Amino acid sequence: MKLIAGLGNPGLKYEGTRHNAGFMALDYYAKKKGFEIKKLFKKALIGEQIINGEKIIFVKPQTFMNLSGDSVLSLADYYGIDNEEIFVVFDDISLPLGKIRIRAKGSAGGHNGIKDLILKLGGDDFPRLKIGVSSNGDKDLVDYVLGSFSKSEAKTLDLVFGKTVEIIDDFIKHGVDFCMNSHNSYEAPKD
């Protein structure tokens with residue numbers, strides 16, 4: 001059993017913002033695969049699927065970004081899922097828009113959602129998929145990450161989300177090492 005968690009903030013106010021790239025990636029995946037992530041359980045919206053004979057739990061925490069660990073830990077405990085089987089998808093301002101990076105573990109890198117996951121899960125040993133959203137270079141990053149993507153950025157992001165479908169499938173089938181070896185060089189073409 002695996003848990004795929006996309007990070008973001010709940011509510012209409014935050015839809016389509018850079019900080020919700022994790023939510024958006026999971027929504028894109030679910031739409032492509034013909035299911036929904038809408039059942040409220042353990043402070044999260046979840047969707048369950050059987051893929052290659054394995055139960056996969058898709059999770060969008062509803063605790064707001066900075067407390068993402070609360071619902072992920074609660075679900076991991078409920079289903080008996082180890083950290084290594086939790087794949088977290090989230091935005092990363094240190095990567096250019098269109099670039100992705102997959103890691104088996106690592107630091108929070110200044111991301112408060114990941115910081116909370118590390119704290120609540122008791123370690124940094126969960127695989128992750130970082131979606132580049134760039135940085136505007138401003139000192140006030142809060143307004144930037146809570147801002148929406150432009151139309152041209154959204155086109156690039158759509159290509160990235162197409163790639164995330166492949167990456168999530170590969171994580172489920174082959175694990176994080178395969179994903180790192182196969183996909184870490186990906187960067188979506190720009191207009």
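Look up a bit, the structure's there.
Brief notes about the nonpolar core
Across soluble globular proteins, you tend to see nonpolar side chains buried next to one another.
Alright, step 1. By size, the foremost hydrophobic cluster in this structure holds 34 residues, and its most contacted members are Ile4 and Phe58.
Alright, step 2. Contributions of two or more residues to this core are made by α1 (21-33), β3 (44-51), β4 (54-61), β5 (86-92), β6 (100-103), β7 (128-132), α5 (151-174) and α6 (176-183).
Alright, step 3. If you tally residues by element for this core, the top one is α5, at 8 residues.
Alright, step 4. The contact partners of Ile4, leaving out residues within four places of it in the chain, are Leu26, Ile56, Ile57, Phe58, Val59, Phe87, Val89, Ile168, Phe171 and Ile172.

Quick word on the packing of α1 against α5
When two helices pack together, you describe them by how their axes are tilted relative to each other and by the distance separating the axes.
Alright, step 1. It is at 9 Å that the axes of α1 and α5 come closest, and there the two elements cross at 70°. If you check the angle between α1 and α5, you find them roughly perpendicular. Contact residues: Ala21, Met24, Ala25, Leu26, Tyr28, Tyr29, Lys32 and Lys33 in α1; Leu157, Asp158, Phe161, Gly162, Thr164, Val165, Ile168, Asp169 and Ile172 in α5.
Alright, step 2. Grouping the amino acids of the contact of α1 with α5 by side-chain chemistry returns 11 nonpolar, 2 polar and 4 charged.

Some thoughts on the sheet that holds β4
Alright, step 1. The strand order across the open sheet formed by 7 strands is β2-β3-β4-β1-β5-β7-β6, and the pairing between neighbours is mixed. Either end of the sheet is taken by a strand with one partner, and the two such strands are β2 (39-41) and β6. This sheet shows a mean twist of 25° between the axes of neighbouring strands, independent of strand direction.
Alright, step 2. With 4 bridges joining them, β6 and β7 adopt antiparallel strand pairing. The partner of Ile102 across the bridge, within β7, is Leu129.
Alright, step 3. Along the sheet, α1 contacts β1 (2-6), β3, β4, β5 and β7; its crossing angle with β4, the most-contacted strand, is approximately 140°.

Digging into the environment of Arg101
Alright, step 1. Considering the arrangement of structural elements, one finds Arg101 in strand β6.
Alright, step 2. Counting along the chain gives 31 residues from Arg101 to Gly132, while the straight-line C-alpha distance between them is 8.0 Å.
Alright, step 3. Apart from residues lying up to four places away in sequence, Arg101 is in contact with Leu95, Arg128, Leu129, Lys130 and Asn184.

As for the pattern of salt bridges
Alright, step 1. Going through the model one piece at a time under the given rule, you end up with 11 salt bridges.
Alright, step 2. One salt bridge connects Glu48 with Lys55, and the closest N-O pair in it is separated by 3.3 Å.
Alright, step 3. One salt bridge connects Glu166 with Lys163, and the closest N-O pair in it is separated by 3.5 Å. Note that Glu166 and Lys163 are positioned in helix α5 at a spacing of 3 residues, about one turn of the helix.
Alright, step 4. Within this structure, Lys2, Glu54 and Glu85 form a network of salt bridges that share partners.

The rules behind these values
- Residues numbered from 1 in each chain as written.
- Predicted model: local features only at pLDDT ≥ 70, side-chain atom pairs only at ≥ 80, totals over all residues.
- Heavy atoms only, no water.
- Core = buried A, V, L, I, M, F, W, Y, C linked by side-chain atoms within 4.5 Å.
- Buried < 20%, exposed > 50% of the residue type's maximum accessible area, 1.4 Å probe, protein only.
- Helix = DSSP H or I, 4+ residues; strand = E, 2+ residues; numbered from the N terminus.
- Contact = heavy atoms within 4.5 Å.
- Axes fitted to C-alpha atoms, helices over the stretch in contact; angles between N-to-C directions.
- Parallel < 35°, antiparallel > 145°, perpendicular 65-115°, else oblique.
- Nonpolar A, V, L, I, M, F, W, Y, C, P; charged D, E, K, R; others polar.
- Pairing = 2+ DSSP bridges.
- Salt bridge = Lys/Arg side-chain N within 4 Å of Asp/Glu carboxyl O.

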